[in-house]
Structures are given as C-alpha cells and as structure tokens.
Amino acid sequence: MVDYHAANNQSTVGGAQTYMEQENDWDRDLLLDPAWEKQQRKTFTAWCNSHLRKAGTQIENIEEDFRDGLKLMLLLEVISGERLPKPERGKMRVHKINNVNKALDFIASKGVKLVSIGAEEIVDGNAKMTLGMIWTIILRFAIQDISVEETSAKEGLLLWCQRKTAPYKNVNVQNFHISWKDGLAFNALIHRHRPDLIDYDSLRKDDPVTNLNNAFEVAEKHLDIPKMLDAEDIVNTARPDEKAIMTYVSSFYHAFSGAQKAETAANRICKVLAVNQENEQMMEDYEKLASDLLEWIRRTIPWLENRTQEKTVNDMQVKQEDFRDYRCVHKPPKVQEKCQLEISFNTLQTKLRLSNRPAFMPSEGRMVSDINKAWHNLEGAEKGYEEWILSEIRRLERLEHLAVKFHQKCAIHESWTDGKEAMLTQKDYETCTLSEVKALLRKHEAFESDLAAHQDRVEQIAAIAQELNELDYYDAASVNARCQKICDQWDVLGALTHKRKESLERTEKQLESIDELYLEYAKRAAPFNNWMEGAMEDLQDMFIVHNIEEIQGLITAHEQFKSTLPEANKEREAIQSIQSEVQKIAQSNGIKLSSGNPYTSITPESINSKWEQAMAMVPLRDNALQEELNKQNSNDTLRATFATQANTVGAYIQAKMEEIGRISIEMNGTLEDQLTNLKEYQKSIISYTPEINKLEGYHQHIQEALIFDNQYTSYTMEHLRVGWEQLLTTIARTINEVENQILTRDAKGISQEQLYEYRASFNHFDKTLNGGERGARHDHSGALMAEEFKACLISLGYDVEKDKQGEAEFNRIMGIVDPNGSGAVTFQAFIDFMSTETTDRDTADQVIASFKILAADKNYITADELRRELPPDQAEYCIARMAPYTGPDAVPGALDYMSFSTALYGESDL
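Residues numbered from 1 in each chain as written. Predicted model: local features only at pLDDT ≥ 70, side-chain atom pairs only at ≥ 80, totals over all residues. Heavy atoms only, no water.

### A few points about the overall build of the protein chain
And step 1. Helix and strand counts for the protein chain come out as 33 helices and six strands.
And step 2. Counting over 910 residues, the protein chain shows a buried share of 47%.
And step 3. Sequence separation of at least 24 residues holds for 74% of the intrachain contacts in the protein chain that already meet a minimum separation of 6.
And step 4. On the protein chain, roughly 44,700 Å² of surface is accessible, and the fraction owed to carbon and sulfur atoms is 50%. (Helix = DSSP H or I, 4+ residues; strand = E, 2+ residues; numbered from the N terminus. Buried < 20%, exposed > 50% of the residue type's maximum accessible area, 1.4 Å probe, protein only. Contact = heavy atoms within 4.5 Å. Areas by Shrake-Rupley, 256 points an atom, 1.4 Å probe, with all protein chains shown as cover.)

Written out as structure tokens, the structure reads:
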C-alpha cells in the first residue's frame, strides 16, 4: 500500500502531510470495499483520460493499460510538464518493470514516499496497488498544492467548497462523501462561478439523480471536466467514496482557479480600502470632536474672564454657585472628551503606522498640542475666576460691614449734633445774670470737652468713607455726600463754638458765682456720658472673624471691658451723689432750682437710662460672641473633616499614581492579561469616585461657611481635582498603550515572546543608564535617550559601534524612531521600529499587482470591472477617487489604478 508522506526537501504544505499520514491506515482497509473500488475505478480512469487526451490517447482498463508503464510515464509527463527518461519499447516483462520503475522513481522525486507499491504489482495488474498509485499521483499533482487561507490539501479544498457554497440553501459541505450525495453542492459550485449555466432555484433536494446528472453534464459540456462518476453509483451508496469525490471536486477547483485568483486579489483590495475608509472616518470623528471641544473652550473662557462686579455678597454667591455647577456638571464631560480625543488620536496614528499609511495631521489649530494649550488657558481662566470670586466675596463682605458701621456712626453723630447749631447761635447770655453767664460759660466749656471727644468719631467716619471708596463700594456717592455733610457741619460747629466762647469770655468779668457742684457734675458727667455712648457703640458694633483665635480675642477684650464696669458704676454713683448734694443744699437753703443744670444737658436720669441700656447690651454681646465662637468651632470641625478626607484622598491619588508608574514598567503575562488587569485596576480607581464626591460635598460646606483657610491640610480642592483628573487620564493612557501594542503585535505578527524581549531590553536600559551613569532619574522615565537607545540596539545585535559606518547606521535608525529630533525614543516608537525590521507589510506594489489581476493584466481598469469584483461601497469609493487613465492604450472610461494605489501609502497625492 501507499504511504502518503511528502519529503521535507519539497515545497509541500504541512497540512497535506498531516492529512496523508492520517489517511494511510484507513486506506488499506477501505480500498477493499467493492462499491468504493468501483467508484474509484470510474473516477480515476476519467481523471487519467482528462490528461491523457491532451497527448492523443486514453485508457479503458486502469489496471491493464498501465501494466507496460508507457501510458503511466506519458500521464506523468502531461500532468507535471516535465520529461521522463526514454521508455523501453520491448514487450518483455523486464522492459515493463523498468518502465514502471522509471515512473515510480519520478513520483518519489516529487517528495512522495511510496510504501508497499512495487513495479511488479503494477505489471501484474494488481488493482488495489494500481488504484493506490493513481491516488498518490492525484494527491501530489491535483490536490496537495491547493491552499486557501493558510490551509492546504484536503482542508484547503474543503474550505474552498464551504466558502463557495455558503450562500446556497440546502447545501452544507462538511466532508467529501455524504455532503455531495444530493448533487446540490456540485450545482452550487458551478452556479457560483458560472450562474449562466445552472438554474439553481429549479433544483430539488429530493431528486439527487437529476441534480447530479445535471451538474456532471454541464461540467463536461461547458467546463471541460469529464464525467468521472455515475449519479446512480453515488445515490445508491450509503457513503460515497471520499477519494473519488475529492478527485472530482479538485477538477472543479482547478477549472475555477482563475476566478479564485481574481477573488483573492479583490479581497486584498477590499482589505486595503476598508482600512483606508476606517481611518478616514476616525479622522473625521477626531476633527469634529476637536472642533466641538475647542468651540466649547472658546465660549467658556470669556465667561470665566468676565469680571463684572456685583453689589452684594449674595449676588457674588450666586456667581459662585454657577461656577460650582460648571465645575461639577459641565466640565467633567469635557474632561472625558479631551481624554477620549487623545486616545483616539494615538489609536489612529498607530493604525496608520501599522497599515503603512502616512501619519494623520489634523487641521490647523486642532492638533493635540493646540487642544492642550487651549485647555491650559481654560484652567488658568478657571483659577483666576475662582480667586476673583473669593476675593470679591471678601471685599463685599468687608464693604457691607464698613457700610453698616459707617451709617451707624453717622447716625450717632447726627443724633448728637442735632440742635447744636441752634444752641451755639442763641444769645441767651445777653439777658442773664452774672451767675447765669458764668453757668453758660461753664456749660460751654463742657460742650467744648464733648466736642473734642466727638472729634475721634468724625475722623473715624471720614476714614471709613475713604476705605469704602478705596474698596470701590457701589454706593460710594451717597457715602461721600453724607461724609461731606458731616465734615462741613463739623467745621461750622467748630467756628460757632469758638465764636460763642469769645462772647462768653467778654462777659465773664461781669458775671460770677456759679454753682461749683453743677460745674463739677457737668465736668464728670460729660466724659462719663461719652464713655457710655462709646461703650454702647462698641457693644453694638458688628464684627467679622475667620477663625477661633480672632473670636477669642474679641471675647477677651469684652471680658476686659466687663472688668471695668465696677469702677464705672462707682463713677456713676459719684456723679449721682453730686446731683444729690445739690438737691440737699437747695432744700436746706430754700433755693429754687432751675429746670436743669446750667452747665450740661446730661441729666442723672439720662445717665441712669444709658447705664441700664449698656448693662442690657452686655449679655446680648455675650450671646453674640458665644454664637460666633460656636460658629467658629463648627467651622473648625468642617476644616478638620475636610482635611481628614483631603489627606486620605491625596495619599490615595499619590499612591495610585506611583502604582501606575510601576505597573506600566513591571507588567507580566500576555498583553490581553495586562489589558484585563489594567481595566480591572481602572474600575477599582473609578470606584473611588464616591470618596471624591464626598470631598466635594465637604468642600461645598467649607465654601458655604465662607472658610478661606485650613491649617489642618496642605491640600486644596483644586489640587486634588487636578490630581484626580491626572490619575484617570494616566490609567486611560496606559490602557491605550497596551491596546496599541496588541494592535502592533496582531498587525505585524510579533510574538508575545518578542514583545517581552523588547520590553525587557527597553526597561533595562531605561533603568540602568539613567540611574547608573548620569544619576538623573531613578524611576523609569518611559523613554530612552540617544546613548541609552544605542546601548539597547547593541544588546539586540545591531552594529552601531563608534566607527564611521556604525554612526551612520545609528543616525539612520534615530531618524526613523525620533523624526522630530527630540533626543528621546518612546517605547511605542521602539516597538514600531522593531516590528518594521522583523515583519512584512502591505505595500503599494502589492496593491497595484492586485488591481492588475482584476484588470486582466491591463494598465488601467474600468468602472464595470471594479463593480463586478469589489463590494458596492468599496467599488464606488475607488471610482470616485481614481484619476482617468491617460496612457497610449487608454479607452473611454479607463481609470488609473496605479496612481490611486501609490496615493494610499502617501507616495503621491490622492
């Protein structure tokens, strides 16, 4: 019997060898089946005659007609196209054996190992051995060289049949025996390539004989495929002979091989065009997303740069709320869009490199660097806007406090000055007695003392008005008007006071006898009354504090004030005792007192009334200070709460950033495992978002409480936001780098072991030279400087030593991996270079060769040929972009596929 092994020194395919080895033992038994042997006789005889008729002869009986070896040698010459040694024409047995041996030697020379088949069996007419020999010849010359998508021999032929019959109903080719019994598979093969020969829809699955006869007759008449089997033999056999069916089907394959070649060329073009269309779509998507993002930034920055001032704190807090809404609602999606834009750009560039296309250059102003620059301007505007809002709130808060204080002091002053001009302009002293004049003079001295005491208040009013103007208070006009009115009135009072004093001093010589007690009362009551008014003013004074230390300072000052109240009460009692002494003397001496003290308008009742008011204000002040202390304690709690969360989040972000740095350098396992681990790691980071949101909530409470500092933490919300965004962007970029490595590996055919070797070499020199020679970095920079890259190349076997030839080679490689001359080589550029050195890529010449097949070796192609061979969308894509062909052999409608192919790879303009 035959051993169907192919020799290693021949161009046989491994799949065919495996198939032949598996079939060996099975063949020895099944060739003895009578039904199958009958089918093989018919099929093999017809197959041999299909070739022998080219030499003008044929055989009738397969085991008899090959016995002398002459037709056997002739058959081998026809199917191989080679000349065999000259046959011996003698009639003796030895001549026949020698001829058969020449044929068997020729078969063996083609890489077929014959086992148990000898020339004697063939000469003796052994049917089993003769059929085995013919099957060996069929396998070697008709089936073994069939190759479909990296499969060969039987598997390749079966895959070809499945692909061609897939669209047809009731056809399911799984083998070379029962799948062909109903005849539909044969008809489907013919219809797929020559639909004009078969009316497939008229065939019925329940009529296999008609179907088989139809296919065999059409093949014999129109395709020059001889009828190798009878329909009845196939239908009446439970399982038709596999070798007979394979032999018959291989004739169909070779008959349609020209169409298969065109289909392969069309598939190559479809693949190239599909890549180009996908890349163009990604470019359009990038342009639109970049345009939308830049437009949003363009609209947002003017809003952030708007510095229109508001009049009140509430109005500014509305702006602050709008800004917080922008930060939490409107900006996060744009952060995601920016990250996605960078990922899309990197993925697109990787795909372009892998498909040997020129790099994508976005429209002017839409580069990633332009977007980063615009984003940087946006974040600068954000920071400035937030700082402006906070400073405006502080300014307006200060302004409101100053305005209230200003109007309060003005009201007190205006209340005091009410009637003073009338009092200073009256001439009551002209009709007074001497004692009355003396009293008026003393009264005037007391007024002067009171006037001097009020000088500080006027100066305070003017100082507050000036500060309101410096802080750009919105109602500065009314403040200035009121301040000016008070100052003018004050000047008038000063002049009137001086004039009245001169009048009283002129009459003082004529007037005497003033009640010393009244005078003493007036002198002591006036400053005491002024002190009480000042105390009442201080007790009603508004205060703004921002921390516990400031409120505790106010409480300490208030406690000091309360400690002076006993002495003040003694002074009040002493003043009241003076008035009591006056009453006592008057009663004792029968003196009729006037309605009041001639030296002062301050009565004991007014002193007592103000004292009671002041005493009532003290507990109110205590409560107000205590409430503010409680508020500051609450604010301090908010600070501590925020600081605890901020320190936790800050440490988390720092730790994760360091982990990502280590992971990107130390990842193990397959790229798919790395990608899965990184995505799981990304999910774990995203799951930390509630902690960020919790911190945002604490930060909102901090801002609502108008807290502007925090001694418990060095972190700010802005710092943590930027860190969180950088963390999310870094893990997304790391995932994208692994995805691009997978794309590179799949497209370039780089093995996992090669990628590990490249990564190990890259990491070794990234770590060793940086830390060892220069001492500049110790944490894996992710890029190799020129000297590091040269050392890496040397370790991989490249001759780039420091000689003239080595330097030239190194400069050539640097021009590839660092076209911009930055002096650093990234890992992706390193992988692209190594994959280019070790793998093959589609080229413009390959695409031109494919188009030339579709064009039947013409230098141009027509629209009809494109539509016939390519899918509709890709055919129209080519027609729309191909330039008219202008060569000397041009015909109307001819298209230039050569310039189109070179344009796909950036070698010319499309």
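### Comments concerning the confidence of the model for the protein chain
And step 1. Scored by pLDDT, the protein chain comes out at a mean of 81, with 88% of its residues at no less than 70.
And step 2. Within the model, the stretch residues 1-32 combines pLDDT values under 50 with 74 contacts to residues more than four positions away or in other chains.
And step 3. The low-confidence segment residues 768-780 (pLDDT under 50) makes 23 contacts with residues lying over four places distant or belonging to another chain. (pLDDT = per-residue confidence, 0-100.)

### Brief notes about the side chain of Arg-457
And step 1. Looking at the secondary structure, you find Arg-457 in helix H17 (residues 434-470).
And step 2. Exposure remark for Arg-457: the relative accessible area of 7% places this residue in the buried category.
And step 3. Engagement of the side chain of Arg-457 in a polar contact is seen with the side chain of Glu-537, the distance being 3.2 Å.
And step 4. Setting aside its immediate chain neighbours within four residues, Arg-457 contacts Lys-409, Ile-412, His-413 and Glu-537. (Polar contact = N/O pair within 3.5 Å; in protein donor to acceptor, adjacent residues only side chain to side chain.)

### Looking at the nonpolar core
And step 1. Counting residues in hydrophobic clusters, the biggest one holds 75 residues, and the most contacted among them are Ile-137, Trp-180 and Phe-186.
And step 2. When residues of this core are assigned to their parent elements, the largest contribution, 11 residues, is made by helix H7 (residues 127-143).
And step 3. Every residue in contact with Phe-186, bar those within four places of it in the chain, is listed here: Trp-180, Leu-212, Ala-215, Phe-216, Ile-245, Tyr-248, Val-249 and Phe-252. (Core = buried A, V, L, I, M, F, W, Y, C linked by side-chain atoms within 4.5 Å.)

### Some details on the packing of aromatic side chains
And step 1. Per the stated rule, a full pass over the model turns up 31 aromatic pairs.
And step 2. Measuring from ring centre to ring centre gives 5.4 Å for Tyr-286 and Phe-345, while their planes differ by 45 degrees; the resulting arrangement is tilted. Placement of Tyr-286 in helix H13 (residues 257-305) and of Phe-345 in helix H14 (residues 313-354) is noted, with a sequence separation of 59 residues between them. With respect to class, Tyr-286 is no different from Phe-345; both count as buried.
And step 3. Connected via pairs of aromatic rings, a cluster forms that spans Trp-296, Trp-303, Phe-323, Tyr-326, Trp-375, Tyr-385 and Trp-388.
And step 4. For Lys-420, the ring lying beneath its charged end belongs to Trp-416, and the centroid distance is 4.8 Å.
And step 5. Here the guanidinium or amino end of Lys-858 rests over the ring plane of Tyr-860, the centre of that ring lying 5.7 Å away. (Phe/Tyr/Trp six-rings, centres within 6.5 Å; stacked < 30°, edge-to-face > 60°. Lys NZ or Arg CZ within 6 Å of the ring centre and 35° of its normal.)

### Overview of the environment of Ile-831
And step 1. Tracing the backbone shows Ile-831 in helix H29 (residues 827-838).
And step 2. A C-alpha to C-alpha distance of 9.4 Å links Ile-831 and Val-817, two positions 14 residues apart in sequence.
And step 3. With sequence-adjacent residues up to four places away left out, Ile-831 is seen in contact with Thr-744, Leu-755 and Tyr-758.

### Description of unusual backbone geometry
And step 1. Of note, Asn-170 is a non-glycine position whose phi angle comes to about 65 degrees, a positive value.
And step 2. With respect to the element layout, Asn-170 can be found in the loop between helix H8 (153-165) and helix H9 (184-193).
And step 3. Positive phi, close to 70 degrees, is recorded for Asp-857, a residue that is not glycine.
And step 4. In this fold, Asp-857 is placed in the loop between helix H30 (844-854) and helix H31 (863-869).

### Considerations on the pattern of salt bridges
And step 1. Tallied over the entire structure, the rule returns 51 salt bridges.
And step 2. The shortest N-O distance in the salt bridge between Glu-321 and Arg-324 comes to 2.5 Å. Pair noted here: Glu-321 and Arg-324 are both in helix H14, with a separation of three residues, about one helical turn.
And step 3. For Arg-324, a relative accessible area of 12% translates into the label buried.
And step 4. The residue Glu-865 makes a salt bridge to Lys-858 at a minimum N-O spacing of 2.8 Å. (Salt bridge = Lys/Arg side-chain N within 4 Å of Asp/Glu carboxyl O.)

### What about the side chain of Thr-600?
And step 1. Within the element layout of this structure, Thr-600 appears in the loop between helix H21 (565-589) and helix H22 (604-666).
And step 2. According to the relative accessible area criterion, Thr-600 is buried, its value standing at 9%.

### Thoughts on H7
And step 1. An ideal rise of 1.5 Å per residue puts 24 Å on 17 residues; H7 measures up with 22 Å between its terminal C-alpha atoms.
And step 2. Among the 17 residues of H7, 16 are classified as buried, and the element is accordingly described as predominantly covered.
And step 3. Two to three positions downstream of the cap, the backbone nitrogen of Lys-128 sits 3.1 Å from a side-chain oxygen, assigning the N-cap of H7 to Asn-126. (Expected span 1.5 Å × (residues − 1).)

### Thoughts on the environment of Ser-634
And step 1. Mapping Ser-634 onto the fold places it in helix H22.
And step 2. For the pair formed by Ser-634 and Ala-705, sequence separation is 71 residues and the distance between their alpha carbons is 9.4 Å.

### Observations concerning the environment of Glu-459
And step 1. Inspection of the secondary structure puts Glu-459 in helix H17.
And step 2. Among the residues examined, Glu-459 registers a relative accessible area of 45% and is labelled partly exposed.
And step 3. Residues Glu-459 and Cys-487 lie 28 residues apart in sequence; the distance between their C-alpha atoms is 9.1 Å.

### Details of the packing of H30 against helix H33 (residues 897-904)
And step 1. In the contact formed by H30 and H33, the axes pass within 8 Å of each other and the chain directions differ by 150 degrees. Taken together, the axis directions place H30 and H33 in an arrangement best described as roughly antiparallel. Considering only the axes of H30 and H33, their crossing is right-handed. From H30, Ala-844, Val-847, Ile-848, Phe-851 and Lys-852 reach across to H33, where they touch Tyr-897, Met-898, Phe-900, Ser-901 and Thr-902. (Axes fitted to C-alpha atoms, helices over the stretch in contact; angles between N-to-C directions. Parallel < 35°, antiparallel > 145°, perpendicular 65-115°, else oblique. Left-handed = near helix turned anticlockwise from the far one by under 90°.)

### Some details on helix H2 (residues 34-52)
And step 1. If you check H2, its first and last C-alpha atoms are 26 Å apart, about what 19 residues at 1.5 Å a residue would give, namely 27 Å.
And step 2. In terms of burial, H2 is a largely internal element, 14 of the 19 residues being buried.

### A look at the packing of H2 against helix H12 (residues 242-255)
And step 1. With their axes 8 Å apart at the nearest point, H2 and H12 run at an angle of 25 degrees to one another. Relative to H12, H2 is oriented roughly parallel. Relative to H12, H2 is oriented so that their crossing is left-handed. Touching Gln-39, Gln-40, Thr-43, Phe-44 and Trp-47 of H2 are Lys-243, Ala-244, Thr-247, Tyr-248 and Ser-251, all from H12.
And step 2. Classifying every residue of the contact of H2 with H12 by side-chain character gives four nonpolar, five polar and one charged. (Nonpolar A, V, L, I, M, F, W, Y, C, P; charged D, E, K, R; others polar.)

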